[in-house]
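As a plain string of letters, each chain reads:
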Amino acid sequence: SQYTFNATSYDVMAMSIITFQSLAGMWINAFIASVLCIAWVKKKSVNSNEKILLFLGCCRFWYLCITWVYSFLSVLYPWFFYVHPILQLFAAIQSFLNCSNLWVSACLCIFYCIKIANFRHIFFIYLKVKIDRIVPWLLLGSMLLSLVICILVYDIADEVHCNNPNSTTRGNFWKLNIRMDEHFFPVFFISGFGFATAFMAVIFSALLLLFSLWRHKRKMQTNSGKNLSMDAHIKAMKSILYFFFIYSINFICLVLTLIYATKKVNPVAFLILVFQYAFPAVHSLILIFSNPKLETTLLRTLSCVKCKVCMR
């Protein structure tokens, strides 16, 4: 029918976009993780910034990998997800990795703020001294929060599957999706609260760093030490502002997902999907060019590849 053709065309187009974004994002994040792992093996140690980047790169790589597999199977083998507990596992793993991605990203902003901003408050000084010990706990907290969301998503998806054991026809497929979305609203609310908290942490970190930069600029003198501090402020501020911009777009997409959760396929939902899956790749690329080690390694790698191609 015409309706089936339109749905299939949408699925194929969505899968093509997601495949391109996923492969690009997986390559970028695999590059970050591999460079930091090699450096870790060579130095036998890794600083707090590199721990967060390594963790973030791994989370995003697997998130994009699972997303691509899900989109591939949903288009070519849609009935595959009616086999218990495949759908539940995919939903839970995607939720876990997505929450981890957003929370670890927020942890990176908090780290930049504490490490670079200058405030004389005793609590801030304590955080600055203890930040290297706090980072593992921040990462652990992010994982525990993501695990809670993951368990909730699995339980609700399992309940929906048990309530719809005979929904195996194409006619009931969209109906099942709508019923699942209605069941998922409590999880959407909890996830939205977690995402909003992470977003507030990013905003708060950016404002504190901006205020610190303004204060430092007023007190800055001509000696080189303070100029270096000023450069560090500006570099961190640029990185956080870039992240704040794309994080804001991603947060808006997450909110719009709640609005369009029970609606049929439409261009707005497709646009939301494109922006949402572009976030892990675009931000990771910004992180590479904000880190001298990663940027140098990337440029060296690209130049070697270019030379090999030219020789052929």
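Residues numbered from 1 in each chain as written. Predicted model: local features only at pLDDT ≥ 70, side-chain atom pairs only at ≥ 80, totals over all residues. Heavy atoms only, no water.

## Observations concerning the nonpolar core
Judged by nonpolar contacts, the single largest core of 55 residues is most densely connected at Ile52, Tyr247, Ile288 and Leu294. Breaking this core down by element, the ones donating at least two residues are helix 1 (2–43), helix 2 (48–76), helix 3 (86–116), helix 4 (122–163), helix 5 (170–219), helix 6 (224–259), helix 7 (267–290) and helix 8 (292–311). Top contributing element to this core by residue count: helix 3, with 13 residues. Among the nonpolar cores identified, the runner-up in size contains 12 residues, and Leu87, Phe90, Leu97 and Tyr277 belong to it. (Core = buried A, V, L, I, M, F, W, Y, C linked by side-chain atoms within 4.5 Å. Buried < 20%, exposed > 50% of the residue type's maximum accessible area, 1.4 Å probe, protein only. Helix = DSSP H or I, 4+ residues; strand = E, 2+ residues; numbered from the N terminus.)

## Thoughts on the UniProt feature "transmembrane region" (unreviewed entry) in the protein chain
UniProt feature "transmembrane region" (unreviewed entry): in the numbering of this structure it lies at residues 12–41, 53–80, 86–114, 134–154, 184–211, 240–262 and 268–290. End C-alpha atoms of residues 53–80 are separated by 35 Å, and the span's content is 86% helix alongside 0% strand. Helix makes up 100% of residues 134–154 and strand 0%, with an end-to-end C-alpha separation of 30 Å. (UniProt positions renumbered as here; feature names shortened; annotations may be inferred.)

## Quick word on the environment of Ile66
Relative to the assigned elements, Ile66 resides in helix 2. With a relative accessible area of 18%, Ile66 lands in the buried category. Considered as a pair, Ile66 and Ile93 are 27 residues apart in the sequence and their alpha carbons are 7.9 Å apart.

## Re the packing of aromatic side chains
All told, the structure shown has 7 aromatic pairs when counted by the stated rule. Here the aromatic rings of Phe119 and Phe211 are separated by 6.0 Å at their centres, their planes lie at 10 degrees, and the arrangement is stacked. Highlighted residues: Phe119 in the loop between helix 3 and helix 4 and Phe211 in helix 5, separated in sequence by 92 residues. We classify Phe211 as partly exposed; its relative accessible area is 39%. What links up through ring pairs into an aromatic cluster is the set Phe119, Phe124 and Phe211. Cation over ring: Arg60 sits above Phe279, and NZ or CZ is 5.1 Å from the ring centre. (Phe/Tyr/Trp six-rings, centres within 6.5 Å; stacked < 30°, edge-to-face > 60°. Lys NZ or Arg CZ within 6 Å of the ring centre and 35° of its normal.)

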